[in-house]
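Okay, here's what each chain looks like letter by letter:
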Amino acid sequence: MELLKDLIKNKKCLKLICGAGNENVNEIEKLVYVFSKSGFNVFDVCAKLDVVNAAKNGLRRSCCEGYICVSVGIQSDIHVSKAVINKQKCNMCFKCYDVCPHNAIFEEDNKLMTDEKNCLGCMRCLEICDKKAIIFENKYKAPYTMLLPLISENIDYVEFHCSSDKKDEIIENWHNIKSIYHGMLGICLDRSKLGDDSIINLLKEMIKDNEDYSIVLQTDGRPMSGNNDDYKSTLQTVAFAELIRNENLPVNILLSGGTNSKSTQLAKETGIEVNGAALGSYARKLVEEYINNDNFFEDENLQNTAINKAKELADNLLKYLN
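## Structural notes on the nonpolar core
Part 1 of the reasoning: Of all hydrophobic cores here, the largest spans 79 residues; its most connected members are Val-34, Phe-35 and Ile-187.
Part 2 of the reasoning: Considering each element in turn, this core owes the most residues, 8 residues, to helix 12 (residues 300-319).
Part 3 of the reasoning: For Ile-187, the contacting residues outside a window of four places in its chain are Glu-159, Phe-160, Cys-162, Trp-174, Leu-203, Met-206, Ile-207, Ile-215, Val-216, Leu-217 and Gln-218.

Listed below in C-alpha cells is the structure:
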C-alpha cells in the first residue's frame, strides 16, 4: 500500500475506470492489460470476485505493476442499476441500440435485449426511448456484503460511491466499510444531489477520524460523460476540485466524470492542484475497436496499436501532473 500512497502523493496516479457496473470479464482483462502497458497504474472494477480476478489476469499478462480498486455504492447509485427492455412496448426503432456506449443492447430473434454484464447504468437508453419501453432494475447489495468475500483477495483500494442526499445511509455504510477494510480508501462524489455546503459538511464528517491525506476523493464532475475530448466536457470535474481545494480539506484529489486528454491540462492552467485523474468512458472508447476483436491476444499488431493509443493519453495526462 505504501507504493500506492507514494503514487498518489507524488501526483502520478492514473486510474482506469473499467466501470463499477461492468461485469464483462473478457473486456476487463484486455483493458487492464492495455492500460497497464501504457502507464496507467490503478484499475477500478466492480466488487465481484471474477471481475477482480480478470483484472489481476490483465496485470499478469502485462507484467506491469498495478493496483486493483473495487467500487461499492449506496442503493441510489446509478452504477448498480441495469437496463431491461419491455418487449411489448418496444417498437424496434434501435435508438437505444445506437446510443448505448457499452454494447449492452443487442438483437436476438427480432427483439432487442440487454446484456446485464455490459450495462453500466448510464441511462442513455432510458432518456432516448420514446415508447417508455426501458426500465432500470436495481441490483443493489450493501457495500459490507460486497466486500466481505474480497477482503482476502489482496485488493489495494476501496472506493465508496455516495452521491446522495441521504446522509445517514452514507455515514452508516462508510463506517461499515472502514470496520472490515483497512487499506486505501476513496470517496466518489458528484454535485447532483447535494449543494456545495452540504458536500463540504459531509466530507468533513467522513474524513474526521482519518489521518490527513489518507483519503482519495474522486471529484465526479459529470458521471459517465467523457465521450468528447474538449475542455467543456471536463470543466465540471476541475470546478469540483477547486471547491475542495478552496476549503483546504486534507484529501487527495482524482479528477473524474467527463475526464479526457484535456483534464489535467485544464487543472494545471487554472491552478488547481490534483493528484491524478480517473478516466472511464473516454479511455475505454479509445481502444474499443481493438479489444473487441476476438483474436486480440493472438494479434500483436492489435495489441500494439491499442497500447500506443492508450500511452499517448497517459503521457499527455502525466505531463500536466508533474
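## Focus: the packing of aromatic side chains
Part 1 of the reasoning: A full pass over the atoms with the stated rule returns 6 aromatic pairs.
Part 2 of the reasoning: Ring centres 5.5 Å apart and planes at 75 degrees place the aromatic pair Tyr-33 and Phe-297 in the edge-to-face group. Taken together, the residues span a long stretch of sequence, with Tyr-33 in helix 2 (residues 25-38) and Phe-297 in the loop between helix 11 (281-291) and helix 12 at a distance of 264 residues.
Part 3 of the reasoning: A relative accessible area of 8% places Tyr-33 in the buried class.
Part 4 of the reasoning: Ring centres 5.0 Å apart and planes at 85 degrees place the aromatic pair Phe-35 and Phe-40 in the edge-to-face group. Neither Phe-35 nor Phe-40 differs from the other in exposure class; each is buried.
Part 5 of the reasoning: Grouped by ring-pair contacts, the aromatic residues Tyr-33, Phe-296 and Phe-297 constitute a single cluster.

## Comments concerning the sheet that holds strand 8 (residues 157-161)
Through backbone hydrogen bonds, the strands of a sheet pair up, either in parallel or in antiparallel fashion.
Part 1 of the reasoning: Spatial strand order, 1-2-3-8-9-10-11-12: 8 strands in a closed barrel with parallel pairing. The sheet shows a mean angle of 25 degrees between the axes of neighbouring strands, taken without regard to direction.
Part 2 of the reasoning: Taken together, the 2 bridges between strand 11 (residues 252-256) and strand 12 (residues 276-279) define a ladder with parallel strand orientation. Pairing of Leu-254 across the sheet is with Gly-276, part of strand 12.

## Comments concerning the packing of helix 2 against helix 12
Part 1 of the reasoning: Two numbers describe how helix 2 lies on helix 12: the axes approach to 8 Å, and their chain directions differ by 55 degrees. In terms of their interaxial angle, helix 2 and helix 12 are classed as oblique. Two packed elements cross with a definite hand, and for helix 2 against helix 12 that hand is right-handed. Between helix 2 and helix 12, the contacting residues are Tyr-33, Val-34, Phe-35, Lys-37 and Ser-38 on the first element and Gln-303, Ala-306, Ile-307, Ala-310, Lys-311, Leu-313 and Ala-314 on the second.
Part 2 of the reasoning: Residue composition of the contact of helix 2 with helix 12, by class: 8 nonpolar, 2 polar and 2 charged.

## Some thoughts on the pattern of salt bridges
Part 1 of the reasoning: Under the definition given, this model contains 12 salt bridges.
Part 2 of the reasoning: The partner of Lys-15 in a salt bridge is Asp-44, with the nearest N and O atoms 3.2 Å apart. Taken together, the residues span a long stretch of sequence, with Lys-15 in strand 1 (residues 13-17) and Asp-44 in strand 2 (residues 42-46) at a distance of 29 residues. An identical accessibility class is assigned to Lys-15 and Asp-44; each is buried.
Part 3 of the reasoning: Put simply, Lys-15 and Glu-159 hold a salt bridge, and the shortest N to O gap is 2.8 Å. A residue pair is termed long-range when its members are at least 10 positions apart, and Lys-15 in strand 1 and Glu-159 in strand 8 qualify at 144 residues. Of the two residues, Lys-15 and Glu-159, both sit in the buried class.
Part 4 of the reasoning: Through salt bridges that share partners, Lys-15, Asp-44 and Glu-159 make up one connected network.

## As for empty space enclosed by the protein
Part 1 of the reasoning: In the structure shown here, the tally under the stated rule is 3 cavities of 30 Å³ or more.
Part 2 of the reasoning: Each pocket or cavity is described by its volume, and for the largest cavity that value is around 280 Å³.
Part 3 of the reasoning: Along the wall of the largest cavity there are 25 residues; nearest its centre are Cys-100, Pro-101, His-102, Asn-118 and Leu-120.
Part 4 of the reasoning: When residues of the lining of the largest cavity are assigned to their parent elements, the largest contribution, 5 residues, is made by helix 11.

What counts and how
- Residues numbered from 1 in each chain as written.
- Predicted model: local features only at pLDDT ≥ 70, side-chain atom pairs only at ≥ 80, totals over all residues.
- Heavy atoms only, no water.
- Core = buried A, V, L, I, M, F, W, Y, C linked by side-chain atoms within 4.5 Å.
- Buried < 20%, exposed > 50% of the residue type's maximum accessible area, 1.4 Å probe, protein only.
- Helix = DSSP H or I, 4+ residues; strand = E, 2+ residues; numbered from the N terminus.
- Contact = heavy atoms within 4.5 Å.
- Phe/Tyr/Trp six-rings, centres within 6.5 Å; stacked < 30°, edge-to-face > 60°.
- Pairing = 2+ DSSP bridges.
- Axes fitted to C-alpha atoms, helices over the stretch in contact; angles between N-to-C directions.
- Parallel < 35°, antiparallel > 145°, perpendicular 65-115°, else oblique.
- Left-handed = near helix turned anticlockwise from the far one by under 90°.
- Nonpolar A, V, L, I, M, F, W, Y, C, P; charged D, E, K, R; others polar.
- Salt bridge = Lys/Arg side-chain N within 4 Å of Asp/Glu carboxyl O.
- 1 Å grid on protein atoms, 1.4 Å probe; cavity = no way out; pocket = protein on both sides within 12 Å on 5 of 7 lines; lining within 4 Å.
- Points joined across faces, edges and corners; volume = space filled by probe spheres on them.

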